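# Chain and residue survey
Below, each chain spelled out in residue letters.
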Amino acid sequence: MRRKMIGLCEATKLYGGAGITTFPRPRYVPDGFCEWCGKPLPKRRSSCCSNECTWYFNRATNSAYGAGGGGGYRNHIMRRDNYTCQRCGTFHAWVNENGIPCPTSDGELDVHHIIPVSEGGDDNPENLITLCRDCHKEIHRRNDERDIV
Ligand SMILES: [Zn+2]
Ligand SMILES: [Zn+2]
């Protein structure tokens, strides 16, 4: 049964920030270029070139997994794993209309408990791993379809 994962605040209280919030946000454009539109950054800007780009970037990267249900925590695990399936290596960051990958999932990633919850596994970041949907299904098939996330 799919169980709600704990929230980000609770996770950092229980397990500390290491493995959750201490990893830098991945940046998919070279330094000096806007993370939303890809144009060169004006002086004194480090992420996006304009307030407009910042607005779009924040909307895309904060809202997708941020809304309740432990989504914030889930997104941090995906961020730690660079939005890449840790089994097959497929990169699944969401790509914006400018063709630029952004630090949020494209919706094809799951966070998997290495030791299943049904066997005492917890939400410690060390027990969580980012998998693509196909690999996630495959792992559960191999684990004889136990009803776990
Ligand atoms: Zn821009
Ligand atoms: Zn995979």
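What follows covers the overall build of the protein. The helix and strand tally for the protein stands at 4 helices and 4 strands. Written out in order from the N terminus, the α and β elements of the protein read α-α-α-β-β-β-β-α. With 149 residues in all, the protein has 26% of them scored as buried. Contacts in the protein between residues at least 24 apart in sequence constitute 56% of all its contacts with a sequence separation of at least 6.

A word on the pairing of strand 3 (residues 109–113). The element strand 3 is extensively covered by neighbouring structure, given that 4 of its 5 residues are classed as buried. Relative to strand 4 (residues 128–132), strand 3 runs antiparallel, the two sharing 5 bridges. When the bridges of strand 4 are listed, His113 appears paired with Leu128.

Turning our attention to the pairing of strand 2 (residues 101–105). Sheet faces and side chains relate simply in a regular strand, where the side chains alternate between the two faces. Within strand 2, 4 of the 5 residues are buried, which leaves the element mostly enclosed by the surrounding structure. Of the strand pairs in this sheet, strand 1 (residues 93–95) and strand 2 are connected by 3 bridges, and their pairing is antiparallel. By the bridge assignment, Trp94 is partnered in strand 2 with Cys102. In this antiparallel pair of consecutive strands, strand 1 and strand 2, the connection spans 5 residues, and Gly99 shows a positive phi of 80 degrees.

Here we take up unusual backbone geometry. Look at Arg44: it is not a glycine, yet its phi comes out positive at around 75 degrees. For Arg44, the location among the structural elements is in the loop between helix 1 (8–15) and helix 2 (51–63). The phi dihedral of Asn82 falls on the positive side, at around 60 degrees, and the residue is not glycine. Structurally, the position occupied by Asn82 is in the loop between helix 3 (71–80) and strand 1. Using a count of 15 C-beta atoms within 10 Å as the deciding quantity, one classes Asn82 as partly exposed.

Looking at where Leu131 falls in the secondary structure, it is placed in strand 4. Sequence-distant contacts of Leu131, that is, excluding residues within four places in its chain, are made with Cys85, Gln86, Arg87, Asp110, His112, His136 and Ile139.

On to the environment of Val117, then. By secondary structure assignment, the location of Val117 is in the loop between strand 3 and strand 4. Look at Val117 and you get partly exposed, because 15 C-beta atoms sit within 10 Å. Placed 10 residues apart in sequence, Val117 and Asn127 show a C-alpha to C-alpha distance of 9.8 Å.

Scored by pLDDT, the protein has a mean of 87; 88% of the residues are at 70 or more. When mean pLDDT is compared element by element in the protein, strand 4 scores highest at 96, while helix 3 scores lowest at 86. Predicted confidence is poor over residues 66–70, with pLDDT under 50, and the contacts of this stretch with residues over four places away or in other chains come to 8 contacts.

Our focus in this paragraph is the environment of Gly38. Assignment of secondary structure puts Gly38 in the loop between helix 1 and helix 2. Judged by C-beta crowding, with 16 C-beta atoms within 10 Å, Gly38 ranks as partly exposed. In the structure, Gly38 is positioned 11 residues away from Cys49 in sequence and 8.5 Å away in space, judged by C-alpha atoms. Discounting chain neighbours no more than four positions away, the residues touching Gly38 are Val29, Phe33, Asn98 and Ile100.

Thresholds, definitions, all that
Residues numbered from 1 in each chain as written. Chains lettered and ligands numbered in written order. Predicted model: local features only at pLDDT ≥ 70, side-chain atom pairs only at ≥ 80, totals over all residues. Helix = DSSP H or I, 4+ residues; strand = E, 2+ residues; numbered from the N terminus. Buried ≥ 20, exposed ≤ 12 C-beta atoms within 10 Å, placed from the backbone. Contact = placed C-beta atoms within 7 Å. Pairing = 2+ DSSP bridges. pLDDT = per-residue confidence, 0-100.

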